[in-house]
Amino acid sequence: MTGAPAAAGGPSGAGRAAGPAPAGVQGPGSGRAAARENRGTAPGASGGGPARRGQAGRGTGGVRSHGDGAAPAAASDGVDAGDGTRPARGAKIAAAAVDQASVWNIANLLTMLRLLLVPAFVMLMLADGGDDPAWRSFAWAAFAVAMITDLFDGHLARAYDLVTDFGKIADPIADKAIMGAALICLSSLGDLPWWVTGVILGRELGVTLLRFLVIRFGVIPASRGGKLKTLTQGIAVGMYVLALTGWLATLRWWVMAAAVVLTVATGLDYVKQAIVLRRRGIAERKAALEETEA
């Protein structure tokens, strides 16, 4: 009777115990109690041995339950990781969708409008044989809207970071399409000499081809002369689209002459820039190659 309380009572019970046999009982008992305390200590534990054994059992069960819960947690983490992998693939699709949706910005919409105005302009220009002043006025309105949108779409794209691959391709196509359609219609109606149409369209196509040929060496920037040429061409062609007579008809001839001069001059300037750019690019590549070999 004395040994049991002593074993359960902790250090003070061990101090009151006497004799080898009780000491032998107390030693393992104290070790077992300490082990049970270490394994099963729980909030609100009391000093009794049976209670401690019960709490130790519950503590051990708690350890088991916590340990058993660890496996589902790890599995849950694995599932989350798997789910995280799937959204990663979905994120790429979402990013692609965003990039695709970004095509539908205001700058590209203006470019698309200009492309749609090309066939509308041709139909209005050639309606009733192309001699009706009313239809020519409608054609001029379509041409004017196309030229105005050309002034804004590029500015909006650069100012608001709306530059897209579609815009880079479609914008120059739309510019040349509306201008080429107007020139060809005017020449086919006999209002404008074919050589003027040939000079302007030849220059535009030649400069575009030249840009592609030297793009590996750099980009030929748009010059002020080129912008002035575009403005002059737009005004001159617009005046020819309208059924003008008298001094206005004479004025449009001079405006067109100025547009042709600017067309040729800026075309030659682009050729010069392309030659300089190509020579500089070849020299830089040669110098880089020599440095690499050295």
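Residues numbered from 1 in each chain as written. Predicted model: local features only at pLDDT ≥ 70, side-chain atom pairs only at ≥ 80, totals over all residues. Heavy atoms only, no water.

S.K.: Before we go on, may I ask you to explain the packing of aromatic side chains in this structure?
M.R.: Aromatic rings in a pair are described by how distant their centres are and how their planes are angled relative to each other. Here the structure, examined in full by the defined rule, presents three aromatic pairs. Ring geometry for Phe121 against Phe143: centres 5.9 Å apart, planes inclined by 45 degrees, an arrangement best described as tilted. With Phe121 in helix 5 (residues 106-126) and Phe143 in helix 6 (residues 133-159), this residue pair connects regions lying 22 residues apart in the sequence. Relative accessible area serves as the criterion here: at 2%, Phe143 is assigned to the buried category. With centroids separated by 4.9 Å and ring planes inclined at 85 degrees, the aromatic side chains of Trp253 and Trp254 adopt a geometry described as edge-to-face. With a relative accessible area of 56%, Trp254 lands in the exposed category. A cation over an aromatic ring shows up here: Arg252 above the ring of Tyr240, its NZ or CZ 4.5 Å from the ring centre. (Phe/Tyr/Trp six-rings, centres within 6.5 Å; stacked < 30°, edge-to-face > 60°. Helix = DSSP H or I, 4+ residues; strand = E, 2+ residues; numbered from the N terminus. Buried < 20%, exposed > 50% of the residue type's maximum accessible area, 1.4 Å probe, protein only. Lys NZ or Arg CZ within 6 Å of the ring centre and 35° of its normal.)

S.K.: Hey, could you run me through the packing of helix 5 against helix 7 (residues 165-188) in this one?
M.R.: Pairs of packed helices are described in terms of their axes, by the angle between the two and the distance that separates them. The geometry of helix 5 relative to helix 7 is characterised by a closest axis approach of 9 Å and an angle of 15 degrees between their N-to-C directions. By the criterion of interaxial angle, the relationship of helix 5 to helix 7 is roughly parallel. At the point where helix 5 passes helix 7, the crossing takes the left-handed sense. When its residues are assigned to classes, the contact of helix 5 with helix 7 shows 18 nonpolar, three polar and three charged. (Axes fitted to C-alpha atoms, helices over the stretch in contact; angles between N-to-C directions. Parallel < 35°, antiparallel > 145°, perpendicular 65-115°, else oblique. Left-handed = near helix turned anticlockwise from the far one by under 90°. Nonpolar A, V, L, I, M, F, W, Y, C, P; charged D, E, K, R; others polar.)

S.K.: Help me understand unusual backbone geometry in this model?
M.R.: Most peptide bonds take the trans form, and the phi angle of most residues other than glycine is negative. Despite not being glycine, Asp128 shows a phi value in the positive range, around 55 degrees. Along the polypeptide, Asp128 turns up in the loop between helix 5 and helix 6. By relative accessible area, Asp128 is classed as exposed at 58%. In the Ramachandran plot, Asp161 falls in the positive-phi region, its phi being about 55 degrees despite a non-glycine side chain. Topologically, Asp161 is positioned in the loop between helix 6 and helix 7. Assessed through its relative accessible area of 68%, Asp161 is described here as exposed.

That's the geometry; what it means functionally is another story.
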